[in-house]
Amino acid sequence: MTGPFLVRLAFAEDGTPAGHYPADVAAPQLSVLDLGATRGDGIFETISLGNGHLQALEPHLARFAYSAAMLDLPTPDTAHWRAAIVEVAAHLVDSAGVPVDEGFVKIVMTRGVEGGSGSLIPGATAPTGWALAAVAPDHTPARRNGIRVVLLDRGYRHDIAQTSPWLLAGAKTLSYAINRGVYREAARRGADDALFVSSDGYLLEGAVSNLVLTRGQTLLTPRTDLGILAGTTQADIFTWASGRGFATEYALLTVDDLAGADAAWLVSSGRHAAPIRAIDGVGRAIDAELTAEINVYLHARTE
Ligand code: PLP
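Remember, predicted model here, so these are calculated numbers, not experimental data.

Visitor: Can you break down the site of the ligand residue by residue, with the values?
Guide: Surrounding the ligand, one finds 16 residues, the nearest of these being Lys-172, Tyr-176, Thr-232, Thr-233 and Ser-269. Here an oxygen atom of the ligand and a side-chain polar atom of Arg-63 are 2.9 Å apart. Thr-233 places a polar side-chain atom, nitrogen or oxygen, 2.6 Å from an oxygen atom of the ligand. When isolated, the ligand has an accessible area of 390 Å², and the protein chains bury 94% of it. Mapped by element, the contributors of at least two residues to the shell around the ligand are α2 (57-70) and α7 (232-243). The residue makeup of the shell around the ligand, split by class, is four nonpolar, nine polar and three charged.

Following this line, the structure appears as structure tokens:
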């Protein structure tokens, strides 16, 4: 097994599904007029794979549909996308057919080729879609040793999703230059990751992750109406926490809440729970035992 592996989704001109087919990941696949490439106009999801099991697949597909609706893209046909995901994920096995320990499937849907027929004249276009499966990078150091985080002002108020829905806050769009740029800013400040804060002082989300913290026997996360992505990993952690006797809460959290938390993590499908060990250069305690417990649970998920 080498990989990555690619499956293309086919669509009729009106956007209705027309099957899927394997494609060569090393061969050119996209038109230079594809609106995903030229404007970042599209959506994506990254679904983790633990021992061959696609994790939180249905919540990812639901969020994909939510993002599509926010961008006025065609409603993704769930069965079409699920079939492509399952097919491409099945490639992630070793020579004996044993699934890899950790992998991921990234799905992308763009608004399609500008003008439809390559003319640059705006018109109806069928979306472009694909599913790519690959072995996950090794996230052990971040999970075990923790990450240093800087707080970065996002420049938006906490109620941006309500006041300015056209900014598409909370949709998982392909326009991720900012989400990558903040890693470079974090590195310039001697850190590993960033946590966005609203212009009026509320904790939001990481570059590609959600914040979870503990206060006594309660797990807290920023409310999902703050123009942030509703995290599938955070939701699964809350399900686990409820079964484990923790209370869970979606809250308006401040920088002081983070400083006063017993433990805090940035959580996401790929890296799972990465404990925060420093904020703006100030060290903070991590809970190694609880972190390990959460990550064992996340890795063992079979759906
Ligand atoms: N917030 C943002 C901006 C993200 O890009 C991601 C995932 O990539 C998350 C949060 C975490 O979401 P999930 O746990 O579903 O991977």
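Visitor: Can you explain the sheet that holds strand β1 (residues 5-11)? Please cite residues and give values.
Guide: Pairing within the open sheet is antiparallel, and its six strands lie in the order β2-β1-β6-β5-β3-β4. Among the strands making up the open sheet, the edge pair consists of β2 (17-23) and β4 (53-54). Direction of pairing for strand β5 (residues 102-110) relative to strand β6 (residues 128-135): antiparallel, over a ladder of eight bridges. If you follow Val-105 over to β6, its bridge partner there is Ala-133. Contacting β3 (42-50), β4 and β5, α2 runs over the sheet at an angle of about 175 degrees to β3.

Visitor: Could you give me a rundown of helix α3 (residues 78-89), with the residues and numbers involved?
Guide: Taking 1.5 Å of rise per residue, 12 residues should cover 16 Å, and α3 covers 16 Å from first to last C-alpha, within 8% of that figure. Of all the positions in α3, only His-80, Trp-81, Ala-84, Ile-85, Val-88 and Ala-89 are classed as buried. Down the axis of α3, the buried side of the element spans an arc of 150 degrees, and every buried residue falls inside it. Structurally, the start of α3 carries an N-cap: the backbone nitrogen of Ala-79 is 3.2 Å from a side-chain oxygen of Asp-77.

Visitor: Give me the lowdown on the pairing of β1, citing residues and values where you can.
Guide: In terms of burial, β1 is largely enclosed, as six of its seven residues are buried. In terms of strand pairing, β1 meets β6 through five bridges, oriented antiparallel. Bridge pairing in β6 links Arg-8 to Trp-130. Bridge count between β1 and β2: five bridges; the pairing is antiparallel. The residue of β2 that forms the bridge with Leu-6 is Ala-23. Between the antiparallel neighbours β1 and β2 lie five residues, among them Gly-15 with a positive phi of about 90 degrees.

Visitor: I'd like a description of the packing of α2 against α3, backed by residues and values.
Guide: At a minimum axis separation of 11 Å, α2 and α3 run at an interaxial angle of 130 degrees. Regarding the angle of α2 to α3, the classification is oblique. Here α2 and α3 pass one another in a crossing that is right-handed. Between α2, through Leu-57, Glu-58, Leu-61 and Phe-64, and α3, the contact on the second element is made entirely by Thr-78, Trp-81, Arg-82 and Ile-85. Tallied by class, the residues present in the contact of α2 with α3 amount to five nonpolar, one polar and two charged.

Visitor: Tell me about the environment of Ala-65, residues and numbers included.
Guide: Tracing the sequence through the fold places Ala-65 in helix α2. Taking the relative accessible area as the measure of exposure, Ala-65 reaches 26% and is therefore partly exposed. When the C-alpha positions of Ala-65 and Ile-43 are compared, they lie 9.4 Å apart, and in sequence the two are 22 residues distant.

Visitor: So what about the pattern of salt bridges? Which residues, and what values?
Guide: Any two side chains of opposite charge can pair, on the condition that their charged atoms come close. Applying the stated rule across the entire model yields 15 salt bridges. The residue Arg-223 makes a salt bridge to Asp-225 at a minimum N-O spacing of 3.0 Å. The partly exposed category is assigned to Arg-223, whose relative accessible area is 28%. Judged by relative accessible area, Asp-225 falls into the partly exposed class, the value being 31%. Here Arg-244 and Glu-293 are joined by a salt bridge, their closest N and O atoms 2.4 Å apart. Of this pair, Arg-244 sits in the loop between α7 and β12 (247-251) while Glu-293 is found in helix α9 (residues 288-300), placing the two residues 49 residues apart along the sequence. Residue class for Arg-244 comes out partly exposed when judged on its relative accessible area of 36%. Shared partners join several salt bridges into a network, and the residues in it are Glu-185, Arg-188 and Arg-189.

The rules behind each value
- Residues numbered from 1 in each chain as written.
- Predicted model: local features only at pLDDT ≥ 70, side-chain atom pairs only at ≥ 80, totals over all residues.
- Heavy atoms only, no water.
- Near = heavy atom within 4 Å.
- Polar contact = N/O pair within 3.5 Å; in protein donor to acceptor, adjacent residues only side chain to side chain.
- Areas by Shrake-Rupley, 256 points an atom, 1.4 Å probe, with all protein chains shown as cover.
- Helix = DSSP H or I, 4+ residues; strand = E, 2+ residues; numbered from the N terminus.
- Nonpolar A, V, L, I, M, F, W, Y, C, P; charged D, E, K, R; others polar.
- Pairing = 2+ DSSP bridges.
- Contact = heavy atoms within 4.5 Å.
- Axes fitted to C-alpha atoms, helices over the stretch in contact; angles between N-to-C directions.
- Expected span 1.5 Å × (residues − 1).
- Buried < 20%, exposed > 50% of the residue type's maximum accessible area, 1.4 Å probe, protein only.
- Arc of directions from axis to C-beta.
- Parallel < 35°, antiparallel > 145°, perpendicular 65-115°, else oblique.
- Left-handed = near helix turned anticlockwise from the far one by under 90°.
- Salt bridge = Lys/Arg side-chain N within 4 Å of Asp/Glu carboxyl O.

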